[in-house]
Amino acid sequence: MQKILKQVEKTRVFDILIIGSGAAGNSLALQLPSDMSIGLISKTELHEGSTYYAQGGISAVFSKPDSIELHVEDTMKAGAGLCRANIVKAVANDSKEIIKWLLDQGVKFTKNNVGANNKLHLTKEGGHTHPRIVHADDKTGKVIQDSLISGVKKKNNIELYTHHVAIDLITKDQKDKNVKRCVGCYILNKKNNHIDIFKAKFIVLATGGANKVYLYTSNPDTSSGDGIAMAYRAGCNISNMEFMQFHPTCLYHHRAKSFLISESLRGEGGKLLLPNGEQFMHKYDSRGVLAPRDIVARAIDNEMKIHGLEYVLLDISHKKNLFIKERFPNIYKKCLEFNIDITKSAIPVVPATHYTCGGIDIDINARTNIKNLYAIGEVAHSGLHGANRMASNSLLECIFFSRKVLKDIERFKNEDFEDVHKDFVDNTTKSISEEVIIKHSWKEIRTLMWNYVGIVRTNERLLKAKNRISIYKKEIEECFSKNKISCDLIELRNLIYIAEIIITSALTRKESRGLHYNVDFPYTNKIAEDTVINKKIKNDLKLYREK
Ligand code: FAD
Ligand code: SIN
């Protein structure tokens, strides 16, 4: 960050700065007391981010025969030994209360129409042994975002900064040399290309996942891993980044940009088929199409390789027309745009990256290892998902940890602001002359990650990817120090950091577990351990202790 000062225009001061306006950031902003000044930052429009596109729903335990214990058991089983039991229990325990809070915010979830009992309709998804997914048809995320955003806009103590991009965190060493405190962030205003310093007593990263690092993803463009990369550069511990989740069923169509076909379609009876009509999931897992995602995605990948296919089929056309149209209006409409009528024919699907299970390591209060810096939502690694997230546990996690931050900062509310040192020297000169170089590098990195660090990995491919990324890293740091900062440049730099962290984590794990499958280490170790990366520890770190 040596270069930034000349571009710095203003300093703004808040009690709390929330970076990201998805389910995590918005729910926190809404709950904070009205005597706190809040800055809420969003890279594009307020609604844009993964939350808006969530389809399936949000898991919660309502009534017998389901129970909190069963929700915990299913989550831990899907997580393949790496979930933190205390976190899983706490989240499952609060799930009903969280749904109630969302209903209070005006979220209109789908109700049962059978028998007009006015209860919430619960569906099933992979890994869940009981129907426990609360949803708003197949557009749960949009309905949640619309309600949260309308609440946020009504609060006078929240200042909204859309089209503002966080570049890097500002930290200060404390008296105890091992402790750093976060005091603010550099923010690029995309509207005028100025960089401002936003200072706050507390900074919360709610920037979502890093799935754009892969060529094919169900995620919107905002998911470029900015929060994780910034936190890493600032000195945070980053955990379990080798566990990138591939959603088994994204629409295969050259214009569809990996549009998601919700797992709830399988929850309502959808079948996975080869082009000759044969079902195959029972060969891989007794739970069939509702096995956890890592298993279904690997099975599809394997079938595609064995038969030389470009896609497999997902078929719900055996269900009644009206049911399909009412239960999946969003998917029905989208597929029709591509001339696929899901009431009549099967949908061509392929796996694509969907969710970042690892992230900034946090404790039960959402604290990172940097003082006054919190991380919530997909950007964080809380230990809820372990080596493979169970469907519909993510939105729940976003809101659970926003409630934790709320409680935690109450304790420190009267802390003083710390001054931000402005001891930077600016070398900023010109805008990058060839934007095309950025676009080209972006595509190369995403292709490299897809081909070398995908669903099935090998040591050789991981090492090759590592070497190539190290060259990109040198180039980007030089480019970043010489050119005027733009959103594209910020995102490219972050993607390169994320790629490096994923590859390093994957090389560090000498086993196969959950979403990480390495042909050279096909077995699963008896003892499950997290992979923790910190920039102070050099690249070839041996954090993983072999047993
Ligand atoms: P996001 O909603 O991604 O929001 C991130 C925010 O950070 C955005 O406002 C973005 O602009 C901002 N941001 C990012 N970088 C910067 C920066 N540098 N500066 C400023 N702002 C920045 N989960 C479920 O539980 N149930 C589901 O049914 C479900 N379905 C899904 C379907 C799809 C298609 C996808 C993509 C995900 C789905 N998920 C689902 C996962 C879930 O939606 C996400 O994990 C969750 O919404 C993440 O919320 P978030 O608030 O952490 O991040
Ligand atoms: C889906 O609807 O399949 C996505 C659910 C999730 O990612 O939790």
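A quick note: this is a predicted structure, and the numbers were derived from the prediction, not measured. (Residues numbered from 1 in each chain as written. Chains lettered and ligands numbered in written order. Predicted model: local features only at pLDDT ≥ 70, side-chain atom pairs only at ≥ 80, totals over all residues. Heavy atoms only, no water.)

Engineer: For this particular structure, what's the right way to read the overall build of the protein?
Structural biologist: Helix and strand content of the protein: 14 helices and 20 strands. On C-alpha atoms alone, the protein measures out to a radius of gyration of 23 Å, which is about the 24 Å that the 2.2 N^0.38 rule sets for 547 residues. Each of the three principal axes of the protein carries a C-alpha extent, and together these read 65 × 55 × 50 Å. Residue burial in the protein is summarised as follows: out of 547 residues, 61% are buried. Across the protein, every contact between residues at least 6 apart in sequence was considered, and the portion connecting residues at least 24 apart equals 74%. Roughly 22100 Å² of accessible area belongs to the protein as shown, and the carbon and sulfur atoms make up 51% of that amount. (Helix = DSSP H or I, 4+ residues; strand = E, 2+ residues; numbered from the N terminus. Rg over C-alpha atoms; globule rule 2.2 N^0.38 Å. Buried < 20%, exposed > 50% of the residue type's maximum accessible area, 1.4 Å probe, protein only. Contact = heavy atoms within 4.5 Å. Areas by Shrake-Rupley, 256 points an atom, 1.4 Å probe, with all protein chains shown as cover.)

Engineer: Sorry, what's going on with the packing of aromatic side chains here?
Structural biologist: How two aromatic rings sit relative to each other is set out by the distance from centre to centre and by the angle between their planes. Within the structure shown, the criterion is met by 13 aromatic pairs. For the pair Tyr214 and Phe246, a centre-to-centre distance of 5.5 Å together with 70° between the ring planes defines the contact as edge-to-face. With Tyr214 in the loop between strand 9 (194-205) and helix 6 (226-234) and Phe246 in strand 11 (residues 244-251), this residue pair connects regions lying 32 residues apart in the sequence. The same class applies to Tyr214 as to Phe246, namely buried. Ring plane angle 50° and centroid distance 5.7 Å describe the contact between Phe246 and Trp450, whose orientation is recorded as tilted. Highlighted residues: Phe246 in strand 11 and Trp450 in helix 12 (residues 435-452), separated in sequence by 204 residues. Against the face of Phe259 rests Lys334, its NZ or CZ located 5.7 Å from the ring centre. Stacked on the ring of Phe480, the Lys or Arg Arg493 has its end atom at 4.0 Å from the ring centre. (Phe/Tyr/Trp six-rings, centres within 6.5 Å; stacked < 30°, edge-to-face > 60°. Lys NZ or Arg CZ within 6 Å of the ring centre and 35° of its normal.)

Engineer: So what exactly am I meant to see when it comes to the site of ligand 1 here?
Structural biologist: Residues in contact with ligand 1 amount to 39 residues; listed here are only the nearest, Thr51, Gly57, Asp226, Glu378 and Ser394. Residue Ala24 places a main-chain N or O atom 3.0 Å away from an oxygen atom belonging to ligand 1. With respect to ligand 1, the backbone of Gly57 contributes an N or O atom lying 2.6 Å from a nitrogen atom. Relative to its unbound accessible surface of 1000 Å², ligand 1 loses 98% to contact with the protein. Among the elements of the structure, helix 1 (23-31), helix 2 (50-53), strand 7 (164-173), strand 14 (347-356) and helix 11 (394-412) are those that each provide at least two residues to the shell around ligand 1. Here the shell around ligand 1 is built from residues that sort into 13 nonpolar, 21 polar and 5 charged. (Near = heavy atom within 4 Å. Polar contact = N/O pair within 3.5 Å; in protein donor to acceptor, adjacent residues only side chain to side chain. Nonpolar A, V, L, I, M, F, W, Y, C, P; charged D, E, K, R; others polar.)

Engineer: Please explain the confidence of the model for the protein as it appears in this structure.
Structural biologist: For any part of a model where pLDDT is low, the fine detail of the predicted coordinates should not be relied upon. Chain-level pLDDT for the protein is 91 on average; 93% of the residues reach the 70-or-more range. Note on residues 1-5: pLDDT is under 50 here. Beyond four places in sequence and across chains, it has 25 contacts. Confidence over residues 538-547 falls short of pLDDT 50; this stretch has 23 contacts with residues more than four positions distant or in other chains. (pLDDT = per-residue confidence, 0-100.)

Engineer: Is there a simple way to explain the sheet that holds strand 14 in this structure?
Structural biologist: Backbone hydrogen bonds hold the strands of a sheet together, and the pairing may be parallel or antiparallel. One open sheet holds the 4 strands; their spatial order is 11-14-13-12, and the pairing between them is antiparallel. The sheet is open, and its two edges are formed by strand 11 and strand 12 (271-273), each paired on a single side. Averaged over all pairs of adjacent strands, the angle between strand axes in this sheet comes to 45°, irrespective of strand direction. In the sheet, strand 11 pairs with strand 14 via 6 bridges, with the strands oriented antiparallel. Following the sheet pairing, Phe246 is matched in strand 14 by Thr353. (Pairing = 2+ DSSP bridges. Axes fitted to C-alpha atoms, helices over the stretch in contact; angles between N-to-C directions.)

Engineer: How should I be thinking about helix 4 (residues 85-104) in this particular structure?
Structural biologist: Count 3.6 residues to each turn of an α-helix, and residues three or four apart come out pointing the same way. Between its terminal C-alpha atoms helix 4 stretches 29 Å, which fits the 28 Å expected from 20 residues at 1.5 Å a residue. At Ser95, helix 4 shows its largest kink, close to 45°. Every buried residue belonging to helix 4 is among Ile87, Val88, Val91, Ala92, Asp94, Ser95, Ile98, Ile99, Trp101 and Leu102, and all of these are buried. Where helix 4 is buried, its residues contact helix 1, strand 3 (58-59), helix 3 (68-78), strand 5 (133-134), helix 5 (140-154) and helix 11. A positive phi of about 100° marks Gly106, the residue just after helix 4. (Expected span 1.5 Å × (residues − 1). Bend = angle between axes of the 7 residues up to and from the residue.)

Engineer: It is not clear to me how the side chain of Asn365 should be interpreted in this structure. Could you clarify?
Structural biologist: Considering the arrangement of structural elements, one finds Asn365 in the loop between strand 15 (359-361) and strand 16 (373-375). With residues up to four places along the chain from it excluded, the contact list for Asn365 reads Tyr374, Lys404, Val405, Asp408 and Arg411.

Engineer: Got a minute to help me understand the packing of helix 12 against helix 14 (residues 487-508) in this structure?
Structural biologist: When two helices pack together, their arrangement is given by the angle between the helix axes and the distance between those axes. Orientation of helix 12 relative to helix 14, taken along the N-to-C sense of each, is 20°, at an axis distance of 10 Å. It follows that helix 12 is roughly parallel to helix 14 by the angle criterion. When the axes of helix 12 and helix 14 are compared, the crossing they make is left-handed. On helix 14, the residues touching Glu435, Ile438, Lys439, Ser441, Trp442, Ile445, Arg446 and Met449 of helix 12 are Asp488, Leu489, Glu491, Leu492, Leu495, Ile496, Ala499, Ile502 and Ile503. For the contact of helix 12 with helix 14, the residue count by class is 11 nonpolar, 1 polar and 5 charged. (Parallel < 35°, antiparallel > 145°, perpendicular 65-115°, else oblique. Left-handed = near helix turned anticlockwise from the far one by under 90°.)

Engineer: How do you make sense of the state of the cysteines when you look at a structure like this?
Structural biologist: In protein structure, a disulfide is the covalent linkage between the sulfur atoms of two cysteines. One pass over the full model with this rule turns up 0 disulfides. Of the cysteine sulfurs around Cys182, a residue in no disulfide, the closest is that of Cys185, at 7.2 Å. On the basis of relative accessibility, which here comes to 0%, the residue Cys182 falls in the buried class. The thiol of Cys487 is unpaired, and the distance to the nearest cysteine sulfur, on Cys185, comes to 13 Å. (Disulfide = S-S within 2.5 Å.)

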